[in-house]
Amino acid sequence: MNHDSRGVRTPNRRQFTLGMLVAATAASVPIWVKAEGTKTIAVLFDGLTTEFLVAGMEAIQADLKSRGFQMLQAISNRDDNVQFEQVKSMIARKVDGIIIFQTDSNAVIPAIRAANAANVPIVHFNRPPAESDAYSVAVVADNRGISKATVQAMVDKARASGRKYKAAILIGDLGDVNALGRRDGFTDAVTPAADIIEVVARIPTEWSVDKTFAGLTNAMQANPDIDFLFAGSDFMIPIVQQVLTPLDKWHPAGDPKHVLFGSFDGDSGAYAALESKHLDADGVQDLFFEAKSAVDLVLAIGAGQKPAKIFNDPGLTVTQDNLTSVRDRMWGYSQWKKKHA
Amino acid sequence: MTDANAATAGTGVARRPKRRPLWQRLLLSEYLVLWLSVVYFAIMVPIVPAIASPETFRNILSDLLPLTVVAIGQTVILIIAGIDLSMPAIIAMASVVGASVMTGTGGPLAGSPAAMPLGILTMLAVGAAIGWFNGFCVARLKMPSFMVTLTTSMFFSGVAIWYVTLRSTTTSIANLPRSFVVIGQGDIAGIPNSLWLTLLIAIGVHLMLTRTVLGRHLFAIGVNPRATQVSGVVIARPILLAFVVSGLCAAAGSILYTGRLETGSPILGSNILLDIIGAAVIGGTSLFGGKGKVIWTVFGVLFLVLLDQSLKLMGLTLFMVFAIKGAVILLAAIVDAARTRITGR
């Protein structure tokens, strides 16, 4: 201790630093102790790299908050092994349930088994695991049904125009069940309309920006009269714009050069394209419904119920006609609002 | 040369070695990281009580074993003042090639009792081959290990993904034989099977480093490769063998990781490079070469896994976890530099 000019004892620099460190440690302890709440749900995502995942995490967080639940978040950064370790840590933490968005449908099976063994309910968000004897429930969009309804809206518009159309589809990764479901939904809708729609190009993209661009460019060169296009994901919208603009085919609905265009997901880019009338219909995964359902299912399994392994999100189709009435259910709209606030 | 020997060297007069200050003795202690782990654990118990649960101890052990195996391989490379950035790519490559041999879904050995042993041999062969290639480029072509292993890492990471697309309709290879999966998951009387493999590798590498001529050459190369060469050692061979050992350790780690996930994945271990190098450096293995022990690396892995577990249990965001782990590894590198300065080399 030092003494000031009045003889009062004052701490020296070392004692002051030590005191501040102790105070900071003591002050931080209650925060962590608070995180030891009784009703806790772990939300384990493989990344927050896309708008969809960020919106999904926010939707789950908002739902848990509205119920007064505690959320423990962990991101595996696309590492199956890290995600497995996170699941085991959450089990050790004795969480009341786990909501997981896994990287790999096969590699997640041991994590499900570990949760089963510890009687911790586990629900997959938006992506189902591979077939196995382990029990979990996956909340997934009805990709085929939503795509069919979306393409049907485009077909109805095409029929109303009285013209005949040449169609193309941008398919995702052929190893991805979501991509296959969307492709099948497209086929379900266009097959009965074969009298007015001829499918001239089925373009595999492997969910790759480069392959989407190259595939669509080649298809447009081979079939310059393509005027009906369905994209398997909204991330492709800017690429479609990039390809169609130099060909003088990127025009809003109502323009004679407009290409009938549909897509899938419901992101902010899709909302903007719908608003500008370049996009005619968008199949939307009802993210808020999926978030709420995931939490409901965790609670149901925890209460001893055994729901079916797949829980479908029926989704919705957003068109220019219903845009203003249903856009609040479109997760991309909430993202779009944030960007334009 | 010990401190006592150093004190008498060149004078011929026996003098008592100068006693270092307490902070220097602590900093230079072999067990510094072990004590830090104990202190850290004691601090965390009241903050996150779950860290003291039997499940967490089991998780720590289960997470520690494969990382230890891989980090031991990195330790050997660091001892020769090199670095192996290709270990995650070797893990991924060994995982998918081994899984494609063993898988019950269209694998050439599907259902055969030979699937497991041949699958393991294939994985080890992949690790050894990539390690040999790295070693050849470093030892014979005199390329910097940083550059060689960075490029092989990029190359084999890509090849692993491409290989899976040839062998599977999904992004990974599943349906592996039970006899293989139990290596990564199973236990005998509560002792994980992976512990035996880890012990075998740890003891083997420890003996190689401390009881063989090869081990002495590796340390000598790490301290001063030119002096080692002038002393009559053909340094290319030990360097090449060090990279083969590193590749084999990565492949052995891949066996454990693949077994516990029951899946051959091309992105397996894609984010653990910092943990691998960090564990070795935190343990005390010098980034400047010539210094390192298997047991130090085990302590380093223990500290890193303990830190990781506590952060997971607290439910901190990814950004916080990255920031804290990065800071700890940076601190370890600073401590390494300080130790090197204190010891005068």
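Coordinates for the structure precede this section.
Nothing here was measured: the structure is a model prediction, and the numbers come from that model. Each chain carries its own residue numbering, running from 1 in the written order of its sequence. All chains are assigned letters beginning with A, and all ligands numbers beginning with 1, in the order in which they are written. With pLDDT at 70 or above as the cut-off, local features in this predicted model cover only qualifying residues; side-chain atom pairs require 80 or more to be listed or tallied, and sums for whole chains, interfaces and linings still use all residues. Excluded from the side-chain calculation are hydrogens and water; included are all heavy atoms of the structure.

J.: Even after reading the chapter, I still don't get the pairing of strand β5 (residues 97–101) of chain A, so can you show me in this structure?
T.: All names here are of chain A. Think of it in three bands: residues with accessible area under 20% of the maximum for their type are buried, residues over 50% are exposed, and the middle band is partly exposed, with areas taken using a 1.4 Å probe on protein chains only. Put simply, DSSP marks the helices as runs of H or I at least four residues long and the strands as runs of E at least two long, and each gets a number from the N terminus on. When you tally the buried positions in β5, you get 5 out of 5 residues, the bulk of the element. When DSSP finds two or more bridges between a pair of strands, those strands are recorded as paired. As paired elements, β5 and strand β6 (residues 122–125) share 3 bridges and run parallel to each other. Paired with I99 across the two strands is V123, which belongs to β6. Remark: the β5/helix α4 (residues 109–117)/β6 crossover connection has right-handed handedness. Throughout, right-handed denotes a crossover for which the path from the first strand over the helix to the second runs clockwise when the strands point away from the viewer.

J.: Looking at this model, I keep getting lost on helix α3 (residues 32–47) of chain B. Mind explaining?
T.: For an α-helix, 3.6 residues make a turn, and residues three or four places apart therefore share a direction. Residues and elements named next belong to chain B. The length a helix should cover is 1.5 Å for every residue beyond the first. For α3, built from 16 residues, the straight-helix expectation of 22 Å at 1.5 Å per residue is met to within 8% by its first-to-last C-alpha distance of 23 Å. For α3, the complete set of buried residues consists of L32, V33, S37, Y40, M44 and I47. Down the axis, α3 shows its buried residues gathered within 130 degrees of arc, on one side only. Away from its buried face by more than 90 degrees, α3 exposes W35 and P46. An arc is given here, and it is the one of the directions from the helix axis to the C-beta atoms.

J.: Would you take a moment to explain the interface of chain A and chain B for this structure?
T.: The figure often quoted for interface size is the accessible area lost as the parts come together. At the junction of the two partners, chain A supplies 29 residues and chain B supplies 38 residues. Here chain A meets chain B over a buried area of about 2900 Å², counting both sides, of which 51% is carbon and sulfur. Salt bridges are defined as contacts in which a side-chain nitrogen from Lys or Arg sits within 4 Å of a carboxyl oxygen from Asp or Glu. Linking chain A to chain B there are 5 salt bridges. Here E85 of chain A ties to R260 of chain B by a salt bridge, and the two come within 2.6 Å at their closest N and O atoms. When checking whether two residues touch, look at their non-hydrogen atoms; a contact exists if any pair is within 4.5 Å. Buried area adds together the accessible area that both of two parts lose upon being put together, with accessible area traced by a 1.4 Å probe.

J.: Looking at this structure, how should I read the side chain of T198 of chain B?
T.: By secondary structure assignment, the location of T198 of chain B is in helix α9 (residues 193–211). Discounting residues that sit within four places of it in the chain, T198 of chain B has contacts with L65, T68, V69 and L256 of chain B.

J.: Would you take a moment to explain the nonpolar core for this structure?
T.: What we call a nonpolar core is a set of buried Ala, Val, Leu, Ile, Met, Phe, Trp, Tyr and Cys residues that are connected through their side-chain atoms within 4.5 Å. I98 of chain A together with V205 and L218 of chain B are the most contacted members of the largest nonpolar core, which has 122 residues in total. Tallying contributions element by element places helix α12 (residues 236–261) of chain B first for this core, with 15 residues. Each residue touching L218 of chain B, except ones within four places of it in the same chain, is listed here: V76, I79, I80, M208, L209, P238 and A242 of chain B. Listed in part, the 60 residues of the second largest apolar core include A294, I301, W331 and Y333 of chain A.

J.: Explanation requested: the environment of I272 of chain B in the structure shown.
T.: Among the structural elements, I272 of chain B can be located in the loop between α12 and α13 (273–283). On the basis of relative accessible area, I272 of chain B is assigned to the buried category, the value being 5%. Each C-alpha atom, one on I272 of chain B and one on W196 of chain B, is 22 Å from the other, the two residues being 76 residues apart in sequence. Beyond its immediate chain neighbours, meaning those up to four positions away, I272 of chain B contacts D79 of chain A together with I91 and Y257 of chain B.

J.: Could you clarify how one ought to interpret the sheet that holds strand β12 (residues 281–284) of chain A in this entry?
T.: Sheet strands pair via backbone hydrogen bonds, and the direction of the pair is either parallel or antiparallel. All names here are of chain A. The strand order across the open sheet built from 6 strands is β9-β8-β10-β11-β12-β14, with neighbouring strands paired in mixed fashion. Each edge of the open sheet carries a strand with a single partner, namely β9 (197–204) and β14 (316–319). Shown here is a sheet whose adjacent strand axes are inclined to one another by a mean of 15 degrees, direction ignored. Examined bridge by bridge, strand β8 (residues 165–171) and β9 share 7 bridges and lie parallel to one another. Looking at β9, one finds that A168 is bridged to A201. Where helix α6 (residues 177–190) meets the sheet, it contacts β8, β9, β10 (228–231) and β11 (260–265), and its direction lies at approximately 165 degrees from that of β8. Orientation is described by lines fitted to C-alpha atoms, with helices fitted over the stretch in contact, and by angles between N-to-C directions that extend from 0 to 180 degrees.

J.: Explanation requested: the sheet that holds β6 of chain A in the structure shown.
T.: Residue and element names in this part refer to chain A. Here we have 6 strands laid out as an open sheet, ordered β4-β3-β5-β6-β7-β13, and parallel in their pairing. For this open sheet the edge positions go to β4 (70–75) and β13 (310–313), each flanked by a neighbour on one side alone. Between one strand axis and the next, the sheet turns by 20 degrees as a mean value, whatever way the strands run. Where strand β7 (residues 137–141) lies against β13, 4 bridges are found, and the strand directions are parallel. If you follow A138 over to β13, its bridge partner there is I310.

J.: When you look at the packing of aromatic side chains in this model, what are you seeing that I'm missing?
T.: Working definition: a ring pair exists when centres of Phe, Tyr or Trp rings (six-membered ring for Trp) sit within 6.5 Å. Plane angles under 30 degrees give stacked, over 60 give edge-to-face, the rest tilted. Tallied over the full model, the rule gives 17 aromatic pairs over all chains. Arranged with centres 6.2 Å apart and planes meeting at 15 degrees, the rings of Y333 of chain A and W336 of chain A form a pair that is stacked. On the criterion of helical spacing, the pair formed by Y333 of chain A and W336 of chain A is a turn pair, its members being 3 residues apart in helix α12 (residues 331–339). Each member of the pair Y333 of chain A and W336 of chain A is classed as buried. For the ring pair F41 of chain B and F57 of chain B, a centre distance of 5.9 Å and an interplane angle of 35 degrees mean the geometry is tilted. On the criterion of sequence distance, the pair formed by F41 of chain B in helix α3 and F57 of chain B in helix α4 (residues 54–79) is long-range, its members being 16 residues apart. The class for F41 of chain B is partly exposed, based on a relative accessible area of 22%. Connected via pairs of aromatic rings, a cluster forms that spans F45, F52, F101, F125 and W331 of chain A. Look at NZ for Lys and CZ for Arg. If either is within 6 Å of the ring centre and within 35 degrees of the ring normal, a charge sits over the ring. Stacked on the ring of Y165 of chain A, the Lys or Arg R163 of chain A has its end atom at 4.5 Å from the ring centre.

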